[in-house]
Amino acid sequence: MPLSIRSSLLCICICCLLAASALAQRASAPPAGALTADQDQHKMMDQLGIKALRPGPSGNEKAPNHANIDESKANPYPNLPDPLTMNDGRKVTTEKMWWEERRPEIVEMYSKYVYGRVPSSVPKVTWTVTAVDHEMIGFTPVTAKDLIGTVDNSADPAISVRIHMTLVTPAFVKGPVPVLMMFGRAGFPNPNEPRGDDLNRINNAWKALLLQQDPSLKDVFAQHPAWEPLKESPFFQRPDLNEDGDLPNIWQLIGAGWGFVLIDPASVQADDGAGLTRGIIGLVNKGQPRTPEDWGALRAWAWGADRGLDYLETDPAVDAKHVGIEGVSRYGKAALVTMAFDQRFAMVLVGSSGKGGATLLRRNFGEAVESLTGGEYYWMAGNFMKYGASEASFGVGSPGDIPVDSNELIALCAPRLTFISYGIPEKGDAKWLDHQGSFMATVDAGRVFALLGAKGIGVEGDYHTAKMPPVNTGLLDGQLAWRQHDGGHTDAPNMKWFIQWAGKFIGHTPPQ
Ligand code: GCU
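Residues numbered from 1 in each chain as written. Predicted model: local features only at pLDDT ≥ 70, side-chain atom pairs only at ≥ 80, totals over all residues. Heavy atoms only, no water.

(A) Structural context of the overall build of the protein. From N to C terminus, the protein includes 13 helices and 11 strands. Oriented by its inertia axes, the alpha-carbon framework of the protein measures out at about 85 × 75 × 50 Å. The burial tally for the protein puts 51% of its 512 residues in the buried class. Long-range pairs, those at least 24 residues apart, make up 70% of the contacts in the protein between residues at least 6 apart in sequence. Carbon and sulfur atoms make up 56% of the accessible area of the protein, which totals about 23,500 Å². (Helix = DSSP H or I, 4+ residues; strand = E, 2+ residues; numbered from the N terminus. Buried < 20%, exposed > 50% of the residue type's maximum accessible area, 1.4 Å probe, protein only. Contact = heavy atoms within 4.5 Å. Areas by Shrake-Rupley, 256 points an atom, 1.4 Å probe, with all protein chains shown as cover.)

Below you can see the structure in the form of structure tokens.
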């Protein structure tokens, strides 16, 4: 071969190799245009004219910049926005005025300034039952369905969103059952295992494979003819008890004749600012960063729960009029947001939700607004960052400027069943969560429950004066309920109280 042809072939080869390696690099790198959380946050700050944000405090009580835990300094803005006064000053005195005027006004403020709006153009979700498993939870046979909600991504095929949830209902209860949807990892709770002949066939196949891999194992198998690679699990396995010694939440629910759903928030939207150009938020924005009123992760997770409820409304095993939503910590916030915005949910168990959940945004105790505008900015609407601004084209922003507070978020749930749950700092439900602030919000929200013919938590005084009840004292007589258990950062010790309380109001009796 003449030299020139050889060298041009060599050249082509090198070019091909370079091109291939560039392609490989692109495939393993984040999608084009992907931003880090920090870059994304700064882009939003630019849109809002914010130059600097006040830093959030530390949760470590020994750190020099620790969060305030001195009650005497906790109320720099002592007066809350009034859920029963219109923005133009008129008093809300009738149910009609609440439903037609004040409630929409509060929803609008929350959408615009706090959690963001669900865009009108969110694509359709199609639910598919991917597998049905017949399992046992405790001594109760259940039907477990694994479900995927595929979001139509024809607008941006590079972004795929598949909502994952699992629905578990007692198998032999007559009629549809109430269901508690819980934010957390989806998946079969207690997969049915092959037994008897099926297990024998699997074991024979295993042994054949092992022999293929190592023929000398023939002697070992001959010496231990009864040995099987896989053994039957015991029919009954001791459950891991809740930290209060009660049965696991899902055992309690099934035992009481409820169903439950596990819905995976991460399958809707990543828990990360870098993920905002993907997930459902990214899909609607075609991979572009958010604008200031766009939804944050909390509203996106709540939207995922709404779509989950769409499916439940089509499933005959479910009493869709009695579906609740539950979550702890950031998912406690998401549960409260879900309940506040989607009135089809009949009840909520809000576990240790703190700032951005049941706790007053205005309070300066534990976690601060500056935490939610800092590293946690992506949970909220971009606009919310204004309240943490220390230098901006509009000056500064502060928690006192937020036009709503969580007494109103809880009020949006009225008159439906709303249970605010906490544990205690000594066991790990940190002061960071501001139990007192959540109690004050709950007290005040009670006025809206009362206006709508329901009952609040029934304490004396108003949010300035009412005293938080002792630990383990449930205020469970009304549709709005409060209980601080003596466990940690979990709502498990309140599950049995929730089941009894909700059961009483919806007229559900556990199977005998
Ligand atoms: C942090 C965060 C809280 C959140 C919690 C959690 O403490 O500041 O807002 O609730 O994490 O979800 O575990």
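Okay, back to it.
(B) Structural detail: helix α12 (residues 435-451). If you check α12, its first and last C-alpha atoms are 25 Å apart, about what 17 residues at 1.5 Å a residue would give, namely 24 Å. Most of α12 sits out of view: 13 of its 17 residues are buried. Looking one or two places after α12, you find Gly453, whose phi comes out positive at around 85°. (Expected span 1.5 Å × (residues − 1).)

(C) Representation of the layout of surface pockets within the structure. Its boundaries defined by the atoms lining it, the largest pocket holds a volume of some 500 Å³. Along the wall of the largest pocket there are 21 residues; nearest its centre are Met136, Asn190, Pro191, Phe235 and Gln237. Top contributing element to the lining of the largest pocket by residue count: strand β2 (residues 125-137), with four residues. Among the residues making up the lining of the largest pocket, the classes are represented as 11 nonpolar, six polar and four charged. (1 Å grid on protein atoms, 1.4 Å probe; cavity = no way out; pocket = protein on both sides within 12 Å on 5 of 7 lines; lining within 4 Å. Points joined across faces, edges and corners; volume = space filled by probe spheres on them. Nonpolar A, V, L, I, M, F, W, Y, C, P; charged D, E, K, R; others polar.)

(D) Looking closely at the pairing of β2. Relative to strand β3 (residues 140-151), β2 is paired through 12 bridges, and the arrangement is antiparallel. Counterpart to Ile137 in the pairing with β3 is Thr140. Linking β2 to β3, which pair antiparallel, is a turn of two residues; within it Gly138 sits at a positive phi near 65°. (Pairing = 2+ DSSP bridges.)

(E) Local environment of unusual backbone geometry. Backbone torsion omega between Ala414 and Pro415 reads 0°, so that peptide bond is classified as cis. A positive phi is found at Lys286, a non-glycine position, where the angle reads about 50°. Within the chain, Asp434 stands out as a residue other than glycine whose phi angle is a positive 60°. The topology assignment puts Asp434 in the loop between β10 (417-422) and α12.

(F) Representation of the pattern of salt bridges. Enumeration over the complete set of coordinates arrives at 24 salt bridges. Note that Arg54 and Glu370 form a salt bridge whose closest N and O atoms lie 2.8 Å from each other. Of this pair, Arg54 sits in the loop between β1 (50-53) and α3 (95-114) while Glu370 is found in helix α10 (residues 369-373), placing the two residues 316 residues apart along the sequence. Among the ionic pairs, Glu408 bridges to Arg102, the shortest N-O distance being 2.7 Å. Within this pair, whereas Glu408 is found in helix α11 (residues 406-411), its partner Arg102 is found in helix α3, the two being separated by 306 residues in sequence. Judged by relative accessible area, Glu408 falls into the buried class, the value being 0%. Salt bridges here are not isolated pairs; linked through shared partners, they connect Arg307, Asp310, Glu313, Asp342 and Arg344. (Salt bridge = Lys/Arg side-chain N within 4 Å of Asp/Glu carboxyl O.)

Treat this as a map of the structure, not an account of what it does.
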